[in-house]
Structure formats: C-alpha cells, structure tokens
Amino acid sequence: MTHDFDMVIFGGLGDLSLRKLLPALYRSEVAGHLPRNGRIFLISRALGEREEELTRIQEWLTNQLKSGESPTSHWPEFEQRLHLCAFDVTEDGEGWADLEQPLLEVDAAEGKRDRVFYLAMPPSLYGTICEQLSGRGLINETSRVVLEKPLGYDRTTANEINAQVAKYFPENSIFRIDHYLGKETVQNLLALRFANIMFEPLWNGNYIDHVQISLSEEVGLEGRTAFYDQAGAMRDMIQNHLLQLLCLVAMEPPHKLQADNIRTEKLKVLQALRPLQGYEVQSHTVRGQYVDGMMHGKAVPGYLDELGKDSQTETFVAIKAHIDNWRWSGVPFYFRTGKRLRQRCAEIVIQFKSLTHNVFDGASTQLSANRLVIRLQPDEGIEMTVMAKELNQLDMRLQEVPLNLNFAETFQNIHSDSYQRLLLNVIDNDLSLFAHRDEADLAWAWVDPIINAWNKCGTPVQAYEAGSWGPDASAALLHSDKRAWHNNG
Ligand code: BG6
C-alpha cells in the first residue's frame with residue numbers, strides 16, 4: 001500500500017462494523033497493509049465519550065480475533081486512525097461538519113486523497129447518504145463506495161437502489177460486497193481451473209456428470225429475526241453467494257484475470273441459467289424450515305420458536321438448475337443452503353462421469369467415478385477422489401482414495417478473513433472480486449420468478465429437524481435422478 005486513503009464507515013459502530021470490518025482493518029494494520037496516514041472515520045447516530053467507545057471496539061476485537069492474534073499489539077497505531085463522528089445521516093444537521101471538515105482539509109493540503117465510503121447501513125438510506133456526500137463536495141474522482149447486501153428485496157427494489165447510487169458514483173467506483181468471493185478457496189478455484197492443465201479440458205458436460213454447491217450452516221437466526229424473516233434463504237444466500245460461486249465454477253476462462261473480463265464471463269453464465277417457472281418450480285425446488293432438534297448433543301429450538309410468531313419463511317432451499325450453453329448442456333447443477341443443518345460446510349462438488357469401460361474384472365474392481373471437492377469452509381482445501389489398488393492384496397482390488405490438498409496444513413499462517421481481503425481490494429481499487437450491477441440484476445431476474453411461484457402456489461415450507469441435512473424432499477430431489485448429496489457426516 002503506497003498512497004494514503006480515508007475510509008468512512010456509515011454504521012461505524014453497528015454490528016457489521018464491530019464484527020467484521022474493524023477486525024479486518026485491524027488485521028490489515030497488523031500485517032502492515034494500511035498506509036501510514038490512512039484514516040478511518042466511524043459514523044454513528046449516537047456515541048458516548050471517545051474513550052468509552054474505543055474500549056468497546058477493543059473488546060469486540062478481543063472477541064473476534066482468533067487465538068494467536070493480539071488485540072493490543074498494534075492498538076496504539078490503529079486507535080490513532082479512528083475518528084468518531086456522531087450524527088444522523090438522515091438529518092441535514094451540523095454533525096456532517098465533523099466529517100466534512102477533516103476530509104476537505106486534507107484535500108486542500110495534499111490534493112485529492114483516495115476516499116472509500118462504506119455503507120454498512122440499510123439500503124433504504126443509500127440514496128440519502130450519497131446525496132449528502134455529493135452535495136457537500138465529498139465525492140471526488142478517486143472516491144469509491146462499498147455497498148453491503150442485502151441489495152434490495154427483489155429485482156425492482158434492487159434496481160431502484162442501484163439507480164440511486166449510480167446518480168453519484170460511476171459503476172467502476174461501486175464495490176458490491178459478497179464476502180464469499182473473498183474466501184481463500186474461492187480464489188483458489190480460479191487457480192485450480194486456470195493455472196493447471198488437467199482440469200479445464202475435462203471441465204464440461206462430456207466429462208462432468210453433475211455439480212453440487214452446498215452452503216450449510218449450523219447457526220440459526222442469531223437474533224436477526226426481523227431481517228431474516230423478510231428475506232429467507234433464497235434472498236439471503238442463493239441470490240448472491242451461491243449464484244456468484246456458480247458463476248466462477250461455470251464461466252469460460254476470462255481473457256485476463258481482471259475485473260471487466262471476469263464480470264463479462266460471469267454475466268454470460270447468468271444469462272444462460274435456465275429460468276424456472278410454473279410447474280418446474282415445484283419439481284425443481286425444495287423449501288424447508290427447521291423445527292426443534294438436537295445439535296451436538298444439545299436441544300435447539302425451531303425457527304418459529306426463535307422468531308416468536310408464525311411464518312412461512314424458508315430457512316432451507318434446494319434447487320436443481322441447468323445452464324443452457326455448449327459447455328454445460330445436460331449437466332444438472334444442484335444448489336443447497338440452509339440454517340441449523342448438521343454441519344457447517346461450504347463446498348463445491350464436481351462429480352465426474354463414470355468410465356465407459358472397465359478393464360478390471362470381478363466384484364472388487366467396481367469403479368467409482370472421480371470426484372473433486374472444493375471446500376470453502378471449514379478446513380479449506382481441495383480433495384480429489386481417485387481409484388487406486390488396495391495395498392497388500394495379491395489380487396487386483398480397487399478402492400477410492402483421496403488426493404488431498406489441505407490449505408491450512410500446506411500453507412502456514414493462512415488467514416481466511418474475507419473482509420480483510422475485500423477491504424484491501426477496495427482500497428487498491430480492484431473490482432475483480434465484486435459483482436457488477438448487471439450480475440445482481442440477472443441474479444434477481446432468476447430468483448424472483450421462483451419466489452413468486454412459491455407465493456402464488458402457496459408452496460408450503462417443509463419441516464426439517466435442526467441437526468439434520470434438511471427436508472426429505474431435498475434428498476429425494478437427487479434420488480429421483482439416481483444421485484445423492486455429498487454429506488460429510
Ligand atoms: C450472510 C448471511 O451473508 O452470510 C447470513 O446474511 C449467513 O445469514 C452468512 O449466516 C454466512 O457467511 P459465512 O461466511 O459464515 O458462511
């Protein structure tokens with residue numbers, strides 16, 4: 001990092017900032033990635049005394065950092081960067097001056113400084129904040145804006161929000177955060193595909209039987225009742241994280257690994273994603289909601305108990321999808337995400353086809369098809385199952401064995417903080433791990449009709465026990481195709 005910057009976080013002492021952004025920035029401080037004079041402005045409607053708030057931030061850091069990371073080692077430098085400003089962004093009051101003054105002063109003293117505005121607030125406020133920033137002359141040609149999900153509730157509202165922000169920032173200054181894209185293994189997926197000779201020739205419907213993308217969580221509502229009950233798993237996970245992963249798995253090799261090229265290829269995947277409508281929505285999707293159950297030997301309440309009222313919001317979704325293009329013709333993509341599932345696990349499974357001819361004779365020489373598992377979390381890694389001869393057997397017996405690349409073991413000091421990576425990309429003005437407005441739009445265009453069909457047909461949510469792998473219908477979705485989910489436990 002060479003040049004100075006100012007980062008302004010609206011919602012600076014909110015949940016996201018305390019849990020993710022400040023720990024990520026602190027880690028960057030420790031790693032020496034922040035420029036010497038970089039400042040961080042935390043905007044909040046109400047603030048206590050500075051010392052009080054700093055203690056609160058440090059407490060959060062202590063909770064969020066992993067063992068081996070010290071919340072005190074670089075605190076003095078970090079603390080100096082923090083500027084706390086208390087004002088209500090919806091009011092045109094004097095409070096804005098606390099932000100305006102230091103930003104404009106530095107502009108006057110050293111010329112235009114890079115500036116990042118992070119909107120960690122409800123999207124309904126994005127327009128107001130951008131208008132204020134613009135009216136006060138705080139947006140310069142190097143300014144960037146970071147938008148957090150959820151970016152809208154459906155295609156229409158997402159377009160409205162994007163249009164409001166677009167009045168003040170050009171598209172190449174808008175960073176739509178999808179923290180899944182900052183995960184180490186997601187970037188390793190690109191390395192796997194495009195830095196090795198052996199995968200890309202097989203990466204198509206001639207050799208691949210099907211693909212699974214599973215994002216399973218153990219957590220429940222985590223107190224986010226109002227937000228989650230409005231959103232549900234489809235809007236919360238599929239529209240963004242899961243479809244972004246799909247794009248990276250399915251896209252054509254970009255000409256160069258640069259933002260414009262990657263985004264162009266991702267868009268083509270979304271354009272080719274076959275829409276699900278009417279009857280197909282019933283046969284190709286499963287909606288579920290967890291009821292009470294046992295997790296790791298402990299009883300956990302059901303969704304409705306956590307929520308405290310009746311609701312038809314889905315906490316689980318499984319979908320069978322297709323991409324209608326040359327490469328993926330005939331290859332089903334199975335998606336699955338849910339809360340309170342048996343294990344926290346995010347993975348992409350590439351299931352190759354069976355060999356068409358078996359040269360080995362006998363029952364002990366059944367050939368299993370190769371499988372590539374790209375594990376995003378926990379235990380980031382890539383595992384390929386191959387057939388090999390059983391050792392110490394005189395006759396030719398075959399067995400499936402894993403070729404395992406465990407990143408934590410292979411690369412010491414792996415830091416898998418996706419916010420840290422993405423914030424540094426924002427500061428570096430690198431858009432390659434951020435979604436373009438058109439991607440978000442096409443993702444909504446695919447998701448909306450499914451939600452509408454569920455609502456129109458009154459598709460009920462199917463109960464699944466907390467601690468299970470989701471409703472029976474999810475397993476049946478694959479069984480009817482003579483396939484099964486890749487479950488680890
Ligand atoms: C967020 C969702 O985007 O991702 C949450 O809003 C979800 O509901 C979270 O729990 C999962 O992220 P991770 O990195 O913990 O898998």
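Residues numbered from 1 in each chain as written. Predicted model: local features only at pLDDT ≥ 70, side-chain atom pairs only at ≥ 80, totals over all residues. Heavy atoms only, no water.

- In the nomenclature of an unreviewed UniProt entry, the protein is known as Glucose-6-phosphate 1-dehydrogenase of Pseudomaricurvus hydrocarbonicus.
- Here the protein is described in UniProt, under the heading Pathway (unreviewed entry), as follows: "Carbohydrate degradation; pentose phosphate pathway; D-ribulose 5-phosphate from D-glucose 6-phosphate (oxidative stage): step 1/3." (UniProt positions renumbered as here; feature names shortened; annotations may be inferred.)

Digging into the site of the ligand
So, point 1. Taken together, the neighbourhood of the ligand is formed by K149, H179, Y180, K183, E217, R224, D236, M237, H241, K339, R344 and Q377.
So, point 2. H179 is positioned with one of its side-chain polar atoms (N or O) 2.8 Å from an oxygen atom of the ligand.
So, point 3. Between an oxygen atom of the ligand and a side-chain N or O atom of D236, the distance comes to 2.6 Å.
So, point 4. With the chains in place, 83% of the 400 Å² that the ligand exposes on its own is no longer accessible.
So, point 5. No other element matches helix α8 (residues 225-250), which puts 3 residues into the shell around the ligand.
So, point 6. In terms of residue class, the shell around the ligand is made up of 2 nonpolar, 3 polar and 7 charged. (Near = heavy atom within 4 Å. Polar contact = N/O pair within 3.5 Å; in protein donor to acceptor, adjacent residues only side chain to side chain. Areas by Shrake-Rupley, 256 points an atom, 1.4 Å probe, with all protein chains shown as cover. Helix = DSSP H or I, 4+ residues; strand = E, 2+ residues; numbered from the N terminus. Nonpolar A, V, L, I, M, F, W, Y, C, P; charged D, E, K, R; others polar.)

Focus: the UniProt feature "binding site: substrate" (unreviewed entry) in the protein
So, point 1. Taking the UniProt record as the reference, the feature "binding site: substrate" (unreviewed entry) is found at H179, K183, E217, D236 and K339.
So, point 2. Structurally, K183 is set in the loop between β6 (174-176) and α7 (184-194).
So, point 3. The exposure class assigned to K183 is buried, which follows from its relative accessible area of 11%.
So, point 4. Looking at the element boundaries, D236 is found in helix α8.
So, point 5. The exposure class assigned to D236 is buried, which follows from its relative accessible area of 4%.
So, point 6. Excluding anything up to four places from it in sequence, D236 contacts K149, R224, F227, Y228, H241 and K339.
So, point 7. At 3.0 Å, the side chain of D236 forms a polar contact with the side chain of K149. (Buried < 20%, exposed > 50% of the residue type's maximum accessible area, 1.4 Å probe, protein only. Contact = heavy atoms within 4.5 Å.)

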